[in-house]
Amino acid sequence: MVRTLDSVSRVGVVGAGTMGSGIAQVAATAGYDVVMRDVEQAYIDDGFDTIDDSLDRLVARDALNESDAERARERIVGTTDLADLAGCDLIVEAVVENMDIKQDVFAELDTLVDADVVLGTNTSTLSITRIAAATGTPGRVVGLHFMNPVPVMDGVEVVVGEQTGTGAVDLAHNFAAELDKETWEADDKPGFVTNRILMPWLNEGIRAFDEGVATKEDIDRGMRLGTNVPMGPLELADHVGLDVVLHASETLAEELGDRYRPAYLLRRKVDAGHLGKKSGQGFYEYD
């Protein structure tokens with residue numbers, strides 16, 4: 001048995017990067033106390049800067065009032081010690097997309113927190129079943145794949161591993177609903193729903209640009225107007241991070257074959273350090 005939503009008041013987030021800080025923010029905004037952990041204080045400081053900027057933007061758009069933003073910020077504490085998550089009622093991991101690192105985190109969490117605490121992973125491509133295998137309690141491990149940017153996007157993908165219990169799945173759906181997110185459920189297959197479909201779309205947009213089918217602006221404009229998506233493939237790749245797109249594509253190519261092979265231009269951009277919006281330059285330039 002695992003805890004139900006009504007017994008969750010303190011949420012632990014492992015990782016203070018783009019995804020981790022976003023998850024911490026939306027959990028705190030929903031009224032949960034949050035412990036956000038990363039391996040270095042500098043990363044935690046960067047995470048808090050990201051949260052502050054995001055809350056300021058929400059206040060400026062009248063999407064959140066200033067007092068609620070201040071209370072949300074006060075609910076989040078940072079730490080470099082994973083043991084400080086021992087008192088949390090739900091943990092969401094959002095570290096780098098590396099199986100060995102994630103398994104190490106989950107193996108340690110498994111010894112730190114009570115056996116009925118659900119352990120969620122924000123992985124976008126890696127096997128929930130393999131991550132859970134690092135623990136002695138795989139039934140409480142579930143995929144909680146938030147979309148980027150977390151405070152803006154409305155969806156969370158709930159991914160069910162081979163041994164994930166129904167209690168963990170139910171808590172994942174219910175917790176996301178408390179954060180005002182809608183959910184969909186996927187089996188533990190490579191890429192789940194979102195990245196299985198998204199990565200080929202992004203790569204084909206990059207290939208179309210590289211092969212001179214159209215300008216990058218017209219490729220993105222054509223996809224926005226022709227398919228009613230909010231962003232075209234090149235601008236979306238820039239927002240996701242070209243290094244993230246490359247890594248996800250490589251992971252899926254290993255599992256599913258050549259149709260997920262990363263576009264050559266994508267790899268060249270990453271090699272040049274042009275990672276998209278976060279680096280100031282990708283397919284477009286950013287302030």
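Residues numbered from 1 in each chain as written. Predicted model: local features only at pLDDT ≥ 70, side-chain atom pairs only at ≥ 80, totals over all residues. Heavy atoms only, no water.

Under an unreviewed UniProt entry, the name given to the protein chain is 3-hydroxyacyl-CoA dehydrogenase, and the source organism is Natronoarchaeum philippinense.

Asker: Hey, could you run me through unusual backbone geometry in this one?
Answerer: Note: most peptide bonds trans; most residues except glycine with negative phi. A cis amide bond links Asn148 with the next residue in sequence, Pro149, at an omega value of 0°. By the secondary structure assignment, Pro149 is in the loop between strand E6 (141–146) and strand E7 (155–160). One non-glycine residue, Asp62, adopts positive backbone phi at about 60°. Structurally, Asp62 can be placed in the loop between helix H2 (41–60) and helix H3 (66–74). Positive phi, normally seen in glycine, also occurs at Asn228, with a value near 65°. You can see Asn228 is positioned in the loop between helix H8 (216–227) and helix H9 (233–240). We classify Asn228 as exposed; its relative accessible area is 71%. (Helix = DSSP H or I, 4+ residues; strand = E, 2+ residues; numbered from the N terminus. Buried < 20%, exposed > 50% of the residue type's maximum accessible area, 1.4 Å probe, protein only.)

Asker: Is there a simple way to explain the UniProt feature "domain: 3-hydroxyacyl-CoA dehydrogenase C-terminal" (unreviewed entry) in the protein chain in this structure?
Answerer: If you check UniProt for "domain: 3-hydroxyacyl-CoA dehydrogenase C-terminal" (unreviewed entry), the listed places come out as residues 191–286 in our numbering. Across residues 191–286 one finds 62% helix and 0% strand; the C-alpha atoms that close the span lie 29 Å apart. (UniProt positions renumbered as here; feature names shortened; annotations may be inferred.)

Asker: I'm lost on the pattern of salt bridges in this one. Help?
Answerer: Where side chains of opposite charge bring their charged atoms close, a pairing between them can arise. Evaluation of the coordinates by the stated rule reveals 15 salt bridges. Notably, a salt bridge pairs Lys278 with Asp243, separated by 2.9 Å at the nearest N-O pair. Placement of Lys278 in the segment after helix H11 (264–271) and of Asp243 in helix H10 (residues 242–256) is noted, with a sequence separation of 35 residues between them. With relative accessibility at 26%, the residue Asp243 sits in the partly exposed group. One continuous salt-bridge network, built from bridges that share partners, spans Arg3, Asp89, Asp114 and Asp116. (Salt bridge = Lys/Arg side-chain N within 4 Å of Asp/Glu carboxyl O.)

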